[in-house]
Amino acid sequence: MSLHRISLRLRRVATQARQLHVSGGGHQQLEAVAVETSPAAARELSFFRTTETDPACHGEVHLGQYYTLPPAHLRNAFPHGLPYRFQLQMKTFNESCVMVRQPALDIISHLKKTDFTKPAIRYLLYGLGGSGKTMSLCHSVHYCYTQGWLILHIPDAHLWVKNCKELLPSSSRPTRFDQPVEASHWLKNFKTTNEAFLPKLKTTQRYVWTKRESTEEGSTLAELVEQGLTRVRSSSDVVGALLRELRMQAGASLEEEEEGQGGALKVAVVVDGINALWGRTTLKKEDRSALVPEELTLIHNLRKMVKNDWRGGAIISSLSQTGALYSPKHHYLPQELLGEEGFDSMDPFVPVPVSNYSEKEFESCYLYYTDRNWLQHPHSRTEEGKRELVFLSNRNPTVFERLCASL
Amino acid sequence: MLTLVRWSRYNPYYLDPETNRDAYTKPDTELTPEQIEERELKKVRPIKAAVAAVSSSGFNDPLMNKFINMMMQEGKKILARDIMNQTLESIKRKQVEKYHKAGQKAKMEIECNPHAIFHQAMENCKPVIGLASIQRGGKSYQVPIPLTDERRRFLAMKWMIAECRDNKHRRTHMYEKLSQELLSAFSNEGNVIKKKHELHKMAEANRAYAHYRWW
């Protein structure tokens, strides 16, 4: 066991020495190290895996490599964010490994340089179906979590505009509709992610829920969230109030920082399937007329959150055709999926294209599956079988994963 | 122009296609006289078109194809194929999960290849001896008879599918039921193995009538 650990450390030294491109003396050191490490199998292992678990330290050198998500971070940062197939994979392999890819690295490098005095920048991940937009989103969420940002993660905005069993008319505004189940479920997951921040932040205004219930000014956000979880009827309004508070305080705490009062509140609004906010819904009112997304409290408040009129954070989002309503399968570009209204609201944004695996990434994925004993069919381990898999999947991550599932 | 869907009506003059790629890599010297004669025949006779479900890739498995055809209802091949793929995936998931959580020694014992498990399970379910109903003097007796290889394979697959369709809880998916039954057949447990043993016992009980068989 200890021999294995030594070779792990030496492997890291070997890779770092290779990156530095030092002169003759360094090369001699590299050769000496290479002799001491274990043979080709271990070197192949380091080709597709990296021991760097902190997303802040991921760089160009880690492109195509898998890094492990620590289980503690997993439980807190992702109560609801990861795709279903990935959750199955986590359960089967007994570990959660994410590939470091270019779109995620681009977003992370932009996030590192955010100026919190300027309005929030919007990042939009777009690409063909199954190319890895949600996984890149989760990678950037992990970065934000490790850097201590407050994360507002809506895992799939499409779930809020379809298949809603209970649609209540809103208690606060006559023209709007509430979704108590979705709102309370989201509040529960929000609480799991941001336990640390909620007791420290305070409301700036008095909120009245019913004749007998109200949240006073100056009470903590933890109490606000409790109110939403216990009184499910008003949970959509609680979500609206919460978003409003965070919008105001993300900018406000910067001023506190200038007065020397301590850490700024950095807010990351992460929305997957953002084209749901400006599309159509399949929900109907009681007189069987169609519901516009604008008439839903959750969507209305989320639209305000995604506008770039507040400072002190970033908005990371991705398009999704898979869950989208009334949009054809071949649409994947921002203009097509967001529509005119959506594109005008999102403009200006930073588009981040996500493509299928490159040759190196595909190789890495193939080796990872082989290492985890996932590719069992003897023909898939041959060169010819690999060529067939490349041909059948066109290097699309989702298609490749589904192909390998039955092999 | 008629396109016939079921029971393709090729002229008997047409020969079946050879889809196995390895059959063509053998040089002439290694073939038996019958095989050389067959090859000569293929040069002159027309060949039928290959079926869409069969391919020359290494992933093609004739036993798997037969099983999918037997599972298929109302000509819905894609559905049957998807059920088969989901079965293989669920078997693999269970086994790989067990593998990763097992200790060093136990890892050697666990079989993770779903195709190997499927083949072994089918092998374990095949009966060795069968029964036929023969009439003698007005009464019909259950007589033990030898079975051909195809009959044994057919019985194993039919019992597996019938067991999964009839004797399981109504609300479980077919792939779930199949994966459970295949895994238990792999370790020689489960209802299909029980049925095979019962057939063997019946044949053993009726061995007195074995001389009623005349072929």
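Counting starts from 1 at the beginning of each chain's written sequence and moves along it residue by residue. By the order in which they are written, chains take letters starting at A while ligands take numbers starting at 1. Local features in this predicted model are restricted to residues of pLDDT 70 or higher, and side-chain atom pairs are both shown and tallied only at a pLDDT of 80 or more, whereas totals for entire chains, interfaces and linings draw on every residue. The basis for the side-chain values is all heavy atoms of the structure; hydrogens and waters are excluded.

### Structural notes on a negative patch on the surface
Quick note on the threshold: Note on patches: the residues involved have over 30% relative accessible area and no salt bridge, like charges join within 9 Å, and the nonpolar side chains Val, Leu, Ile, Met, Phe, Trp and Tyr join within 5 Å. Exposure was quantified through the Shrake-Rupley algorithm and a 1.4 Å probe, taking into account, for residues, occlusion by the shown protein chains and nothing else. Take a side-chain nitrogen of Lys or Arg and a carboxyl oxygen of Asp or Glu: if they are within 4 Å of each other, that pair is a salt bridge. His is not counted, nor are the chain ends; Lys and Arg add positive charge and Asp and Glu add negative charge. To locate a charge, take NZ of a lysine, CZ of an arginine, CG of an aspartate or CD of a glutamate. Counting from the N terminus, the helices are the DSSP runs of H or I reaching at least four residues and the strands are the DSSP runs of E reaching at least two.
On the surface, Glu-18, Glu-34, Glu-37 and Glu-38 of chain B cluster together into a negatively charged patch. With respect to the helices and strands, the residue Glu-34 of chain B is situated in helix 1 (residues 33–44).

### Details of the pattern of salt bridges
Our working rule: We call a residue buried when its accessible area falls under 20% of the maximum for its residue type, exposed when it is over 50%, and partly exposed in between, using a 1.4 Å probe and counting protein chains only.
Evaluation of the coordinates by the stated rule reveals 29 salt bridges over all chains. In this structure, Lys-118 of chain A and Asp-115 of chain A form a salt bridge, with 3.3 Å as the shortest nitrogen-oxygen distance. Linking Glu-97 of chain B and Lys-101 of chain B is a salt bridge whose minimum nitrogen-to-oxygen distance equals 3.1 Å. Note that Glu-97 of chain B and Lys-101 of chain B are positioned in helix 3 (residues 77–101) at a spacing of 4 residues, about one turn of the helix. Overall, Glu-97 of chain B belongs to the buried group, its relative accessible area being 17%.

### Topic: the packing of helix 13 (residues 359–371) of chain A against helix 14 (residues 383–393) of chain A
Packed helix pairs are specified by the crossing angle of their axes together with the interaxial distance, meaning the distance between the axes. Residue and element names in this part refer to chain A. Keep this limit in mind: Every angle, taken between N-to-C directions, lies between 0 and 180 degrees, and every axis is a line fitted to C-alpha atoms, over only the stretch in contact when it is a helix. Relative orientations are named as follows: roughly parallel for angles under 35 degrees, roughly antiparallel for angles over 145 degrees, roughly perpendicular for angles from 65 to 115 degrees, and oblique for any other angle. In a left-handed crossing the near helix is turned counterclockwise from the far helix by less than a right angle, and in a right-handed crossing that turn is clockwise. Residue contacts are counted whenever heavy atoms from the two residues lie within 4.5 Å of one another. Classes in brief: Ala, Val, Leu, Ile, Met, Phe, Trp, Tyr, Cys and Pro nonpolar; Asp, Glu, Lys and Arg charged; the others, Gly included, polar.
Closest axis-to-axis distance for the helix 13/helix 14 pair is 12 Å, and the angle between their directions is 120°. Looking at the two axes, helix 13 sits oblique to helix 14. Between helix 13 and helix 14 lies a crossing of right-handed hand. Contacts between helix 13 and helix 14 involve Phe-362, Glu-363 and Tyr-366 on the former and, on the latter, Lys-386, Leu-389, Val-390 and Ser-393. Broken down by class, the residue content of the contact of helix 13 with helix 14 amounts to 4 nonpolar, 1 polar and 2 charged.

### Description of the packing of aromatic side chains
Residue and element names in this part refer to chain A. Note the threshold: Classification of ring pairs rests on two measures: the distance between centres of Phe, Tyr or Trp rings, Trp counted by its six-membered ring, which must be within 6.5 Å, and the angle between planes, read as stacked under 30 degrees, edge-to-face over 60 and tilted in between.
In this structure the tally under the stated criterion is 17 aromatic pairs over all chains. Judged by centre distance (4.6 Å) and plane angle (50°), the ring pair of Phe-362 and Phe-400 falls under tilted. Here Phe-362, found in helix 13, pairs with Phe-400, found in helix 15 (residues 397–405); they are 38 residues apart in sequence, far enough to count as distant. Here Phe-362 and Phe-400 have matching classes, each one buried.

### A look at the pairing of strand 2 (residues 139–146) of chain B
Regular strands have side chains that alternate between both faces of the sheet. All names here are of chain B. Selection rule: Note: two strands are recorded as paired if DSSP finds a minimum of 2 bridges between them.
When strand 1 (residues 129–136) meets strand 2, the two strands line up antiparallel, connected through 8 bridges. Residue pairing in the sheet places Gln-135 in a bridge with Ser-140 of strand 2. Between strand 1 and strand 2, which pair antiparallel in sequence order, lie 2 residues; one of them, Gly-137, sits at a positive phi of approximately 60°.

### What about the nonpolar core?
Residues and elements named next belong to chain A. Spelled out, the test is: To qualify as a nonpolar core, a set must consist of buried Ala, Val, Leu, Ile, Met, Phe, Trp, Tyr and Cys residues joined through side-chain atoms within 4.5 Å.
Ranked by internal contacts, the top residues of the largest apolar core, which has 52 residues, are Leu-152, Trp-186, Phe-190, Leu-242, Leu-246, Val-267 and Ile-274. Those elements giving two or more residues to this core turn out to be strand 3 (121–127), strand 4 (150–154), helix 8 (180–193), helix 9 (221–230), helix 10 (235–258), strand 9 (267–272), helix 11 (297–306) and helix 12 (334–346). If one sorts the elements of this core by residue count, helix 10 sits on top with 7 residues. Beyond its immediate chain neighbours, meaning those up to four positions away, Val-267 contacts Trp-149, Leu-150, Leu-152, Leu-246, Ala-250, Met-305, Trp-310, Gly-312, Gly-313 and Ala-314. Listed in part, the 32 residues of the second largest apolar core include Phe-78, Leu-82, Val-100 and Leu-137.

### Considering a nonpolar patch on the surface
A grouping of Leu-128, Tyr-332 and Leu-333 of chain A is seen on the molecular surface, where their side chains present a nonpolar patch of about 240 Å² in accessible area. Here Leu-128 of chain A shows up in the loop between strand 3 and helix 7 (133–146).

### Describing the sheet that holds strand 10 (residues 313–318) of chain A
Residue and element names in this part refer to chain A. Pairing is parallel across the open sheet formed by 5 strands, whose spatial order is 4-9-10-3-11. At either end of the open sheet lies a strand with only one pairing partner, and these are strand 4 and strand 11 (350–354). The mean angle between the axes of side-by-side strands here comes to 15°, regardless of whether they run parallel or antiparallel. Direction of pairing for strand 9 relative to strand 10: parallel, over a ladder of 6 bridges. Bridge assignment links Val-271 to a residue of strand 10, and that residue is Ser-317. Where helix 11 meets the sheet, it contacts strand 3, strand 4, strand 9 and strand 10, and its direction lies at approximately 125° from that of strand 9.

### Digging into a positive patch on the surface
Taken together, Arg-173, Arg-244, Lys-304 and Lys-307 of chain A make up a surface patch of like positive charges. Assignment of secondary structure puts Lys-307 of chain A in the loop between helix 11 and strand 10.

### Digging into the interface of chain B and chain A
When the parts of a complex come together, some accessible area is lost, and that lost area is often taken as the interface size. Which entries qualify depends on this criterion: A 1.4 Å probe defines the accessible area here, and the buried area is the portion of it lost by two parts on being joined, summed over both. Residues adjacent in sequence count toward polar contacts only when both atoms are side-chain atoms; beyond that, a polar contact is any pair of N or O atoms within 3.5 Å, and within protein one must be able to donate a hydrogen and the other to accept it.
Counting from both sides, the interface comprises 18 residues of chain B and, opposite them, 24 residues of chain A. Interface area for chain B against chain A, summed over the two sides, is near 1900 Å², with a carbon-plus-sulfur share of 54%. It is Phe-59, Lys-92 and Arg-93 of chain B that lose the most area in chain B upon contact with chain A, and together they represent 38% of the buried surface on that side. On inspection of chain B and its partner chain A, the count reaches 4 salt bridges. Taking the shortest distance from any N to any O, the salt bridge between Glu-384 of chain A and Arg-21 of chain B comes out at 2.7 Å. Our count for the contact surface shared by chain B and chain A stands at 12 residue pairs in polar contact (both at pLDDT 80 or more). Elements that contribute at least two residues to the side of chain B that touches chain A include exactly helix 3 and helix 5 (114–125) of chain B. For the side of chain B that touches chain A, the element with the most residues is helix 3 of chain B, which contributes 10 residues. Along the lines of polarity and charge, the residues of the side of chain B that touches chain A split into 6 nonpolar, 6 polar and 6 charged.

### Quick word on helix 5 of chain B
Residue and element names in this part refer to chain B. Counted only if it meets this: Here the expected span of a helix is defined as 1.5 Å times the quantity of residues minus one.
Taking 1.5 Å of rise per residue, 12 residues should cover 16 Å, and helix 5 covers 16 Å from first to last C-alpha, within 8% of that figure. Packed against the buried residues of helix 5 are helix 2 (62–71), helix 3, helix 6 (149–166), helix 7 (174–186) and helix 8 (191–205). Sitting at the amino-terminal end of helix 5 is Asn-113, which places a side-chain oxygen 3.1 Å from the backbone nitrogen of His-115.

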